[in-house]
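# Notes for the structure review
Chain by chain, the residues:
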Amino acid sequence: MREHWGSKLGFVMAAAGSAVGLGNIWKFPYLTGSKGGAAFVIIYLLAVIILGLPIMIAELVIGRHTERNPVGAFKSMVGGTPWVLVGYLGVISGFLILSFYSVVGGWTIGYIVKGLTGMLSNLNTPDVAAREFREFTANPLSSLIYHLLFMASCMYIVFGGVKGGIEKWNKVLMPLLFAILLVLIGRGFFSGGMEKGLSFYLTPDFSKITTDTIIAALGQAFFSLSLGMGAMITYGSYLSRSERILTAAFWIVFLDTAVALLAGFAVFPSVFAMELSPAEGPGLVFHVVPAVFARMPGGQFFAVLFFFLLFLAAVTSGVSLLEVVCAYFIDEKGWSRHRAVIIMGTIIALLGVPSALSFGCLSHVKMLGGTFFDFIDKLTSNYMLPLGGFFIAICLGWKYGLEKTIHELDPDTKILSIKELWAFIIKFISPFVLFVVFISLVWADLVAFVQRLFA
Ligand code: PHE
């Protein structure tokens, strides 16, 4: 018998734990900062509602219907056809994402250590904080050690299994994360940059919308909701028949979006209070947060709390990435859980080495205009996840047939129209929108590539 979640709350916490991660607290603020502020936020929200929620439901439906990992799920629905490749695409995405995700997860551990040893209190201006961040991420030894520590944390939790590991930890860690975030927003309110921060964050300037903004917002919606690679198929596969998928999906999407928006409220007022540029890139929270807290009474404590929060969020997501990869080897290859975790965890950790060195000794090695780290990040977020979502929608809507799975959606749902609306979106809207965006992405990248060739 397949292992199941212990409770509905346990499942929602674990799935929200997968969704809420570095994507919300690290990536969302810096993308918003560099891709047009409020205009980016609006497109992001549209992508979450129009594409994210329906595909979240679709993945959970596929997972519970087949009770398998992504590859097994497609085998059981459309085995013997090339559609099974969609499952492999998912497992490979999990593999690649975790390899660079773990590097950033490692930075959070590094900053907790810095906080505990009192080193963060020296970073009292954004310039000093930025220099420190650059030196820290460029150091090969510490980058690697912290990356390995992060991988080890994920492996430890996945080792414990679905109920005794993943669920048990998420039920404690997720509520803690919310509490810490609220405290931090409270601090941000007194920073003095409230007005400018909020206007940047909430007043859209639609002239700032470009193809690049749209693609980044869409990729971010998939990344942040853990969609397009079968993480939600895998988590859905441990969901018992009596749970309601619609309600669960609403909760997961709501919690994930709420944390991303709240992270913006915690970061932007301070960015403007310190007259920093919001377009700092991946270092944004690592520059801003220490500089804010170094100037505040009791700041050390809050700084450690913040990075601990970031670490918690990252671990619960890293765990879901590792679980997808391991579930494949457990279900399809008959491996024991322990064997899968040790072997796959080690390989992913090795694959993460060039990403960990991308900010130091490998920073000059460019792949398609960015470092190895940038390359894997872009490849997965902008290409693999939206493409995965596209194929999931087409396969469910056109190949396998929605009529075979729609009963998974709460049989007693009175509002029939919600089911019908979902079916319509999955069949027509999601594939269409994803196709159009994807073509413009390929086009934009191709043009950039050719321009580089002749530059
Ligand atoms: N959703 C996670 C985050 O926002 C990242 C993730 C992507 C996790 C894909 C699982 C699958 O950080």
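Everything here concerns the structure above.
Everything numeric in this text was worked out from a predicted model, so none of it was measured.

Helix and strand counts for the chain stand at 18 helices and 0 strands. Relative to its length of 455 residues, the chain is compact, with a C-alpha radius of gyration of 21 Å against a globular reference of 23 Å. If you line up the chain on its principal axes, its C-alpha atoms span 60 × 50 × 50 Å. When each of the 455 residues of the chain is scored for burial, the buried share is 59%. For the chain, the share of sequence-separated contacts (at least 6 apart) that also reach a separation of at least 24 residues comes to 83%. Carbon and sulfur atoms form 70% of the exposed surface of the chain, whose accessible area is close to 17,500 Å². Separation between the mean location of the 30 positive side-chain charges and that of the 25 negative ones in the chain comes to 4 Å.

What follows covers helix α6 (residues 126–138). Its 13 residues place the ends of α6 18 Å apart at the C-alpha level, agreeing with the 18 Å of an ideal helix rising 1.5 Å per residue. Among all positions in α6, only P126, A129, A130, E132, F133, F136 and T137 are buried. The arc that holds the buried residues of α6, viewed along the axis, is 160°, so those residues lie on one side. The exposed set on the far side of α6, more than 90 degrees from its buried face, consists of D127, R134 and E135. Buried residues in α6 make contact with α5 (84–116), α7 (140–159), α13 (284–294) and α16 (353–356).

Let us now look at the packing of α5 against helix α14 (residues 299–333). Where α5 contacts α14, the axes come no closer than 8 Å and their chain directions differ by 160°. If you check the angle between α5 and α14, you find them roughly antiparallel. Here α5 runs over α14; the crossing is left-handed. For the contact of α5 with α14, the residue count by class is 22 nonpolar, 7 polar and no charged.

Attention shifts here to the layout of surface pockets. Approximately 700 Å³ is the volume found for the largest pocket. When contributions to the lining of the largest pocket are tallied by element, the ones reaching two or more residues are α2 (22–34), α10 (211–224), α17 (372–401) and α18 (416–454). Looking at which element gives the most residues to the lining of the largest pocket, the answer is α17, with 9 residues. By residue class, the composition of the lining of the largest pocket is 14 nonpolar, 7 polar and 8 charged.

Here we come to the environment of G298. One can find G298 in the loop between α13 and α14. Judged by relative accessible area, G298 falls into the partly exposed class, the value being 48%. Each C-alpha atom of the pair G298 and N124 lies 13 Å from the other, and the pair is 174 residues apart in sequence.

Turning to helix α9 (residues 194–202), its buried residues number three or more, namely M194, G197, F200 and Y201. For α9, the buried positions fall inside an angular range of 140° around the axis, keeping them on one side. For α9, the exposed residues lying more than 90 degrees away from the buried face are E195 and K196.

Attention now moves to the nonpolar core. One finds F11 and F306 to be the most contacted residues of the largest nonpolar core, which totals 162 residues. A per-element tally of this core places α14 first, with 22 residues. The residues touching F306, leaving out its near neighbours within four places in the chain, are I25, L184, V285, V289 and F293.

To continue, consider the pattern of salt bridges. Following the criterion strictly, the structure yields 7 salt bridges and no others. Where K75 meets E332, a salt bridge forms, and the shortest distance between an N and an O atom there is 3.2 Å. With K75 in helix α4 (residues 70–78) and E332 in helix α14, the pair connects residues that are 257 residues apart, well separated along the chain. Connected through salt bridges with shared partners, the residues R68, K75 and E332 form a single ionic network.

With that settled, the discussion passes to the environment of V319. Checked against the element boundaries, V319 lands in helix α14. Separated by 221 residues in sequence, V319 and L98 have C-alpha atoms that sit 9.0 Å apart. In this structure V319 touches C154, I157, V158, I166 and Y235, once residues within four positions along its chain are discounted.

Taken together, the neighbourhood of the ligand is formed by 14 residues, with A19, G23, Y101, F223 and S226 sitting nearest. At 3.3 Å from an oxygen atom of the ligand is found a side-chain nitrogen or oxygen belonging to N24. In this structure, F223 approaches the ligand through a main-chain N or O atom, which is 2.8 Å from a nitrogen atom. For the ligand, whose accessible area on its own is 320 Å², the fraction buried by protein is 100%. Taken atom by atom, the bulk of the ligand overlaps the largest cavity.

What counts and what doesn't
- Residues numbered from 1 in each chain as written.
- Predicted model: local features only at pLDDT ≥ 70, side-chain atom pairs only at ≥ 80, totals over all residues.
- Heavy atoms only, no water.
- Helix = DSSP H or I, 4+ residues; strand = E, 2+ residues; numbered from the N terminus.
- Rg over C-alpha atoms; globule rule 2.2 N^0.38 Å.
- Buried < 20%, exposed > 50% of the residue type's maximum accessible area, 1.4 Å probe, protein only.
- Contact = heavy atoms within 4.5 Å.
- Areas by Shrake-Rupley, 256 points an atom, 1.4 Å probe, with all protein chains shown as cover.
- Lys, Arg positive; Asp, Glu negative; His and termini not counted.
- Charge placed at Lys NZ, Arg CZ, Asp CG, Glu CD.
- Expected span 1.5 Å × (residues − 1).
- Arc of directions from axis to C-beta.
- Axes fitted to C-alpha atoms, helices over the stretch in contact; angles between N-to-C directions.
- Parallel < 35°, antiparallel > 145°, perpendicular 65-115°, else oblique.
- Left-handed = near helix turned anticlockwise from the far one by under 90°.
- Nonpolar A, V, L, I, M, F, W, Y, C, P; charged D, E, K, R; others polar.
- 1 Å grid on protein atoms, 1.4 Å probe; cavity = no way out; pocket = protein on both sides within 12 Å on 5 of 7 lines; lining within 4 Å.
- Points joined across faces, edges and corners; volume = space filled by probe spheres on them.
- Core = buried A, V, L, I, M, F, W, Y, C linked by side-chain atoms within 4.5 Å.
- Salt bridge = Lys/Arg side-chain N within 4 Å of Asp/Glu carboxyl O.
- Near = heavy atom within 4 Å.
- Polar contact = N/O pair within 3.5 Å; in protein donor to acceptor, adjacent residues only side chain to side chain.
- Sits in = over half its atoms within 2 Å of the grid points.

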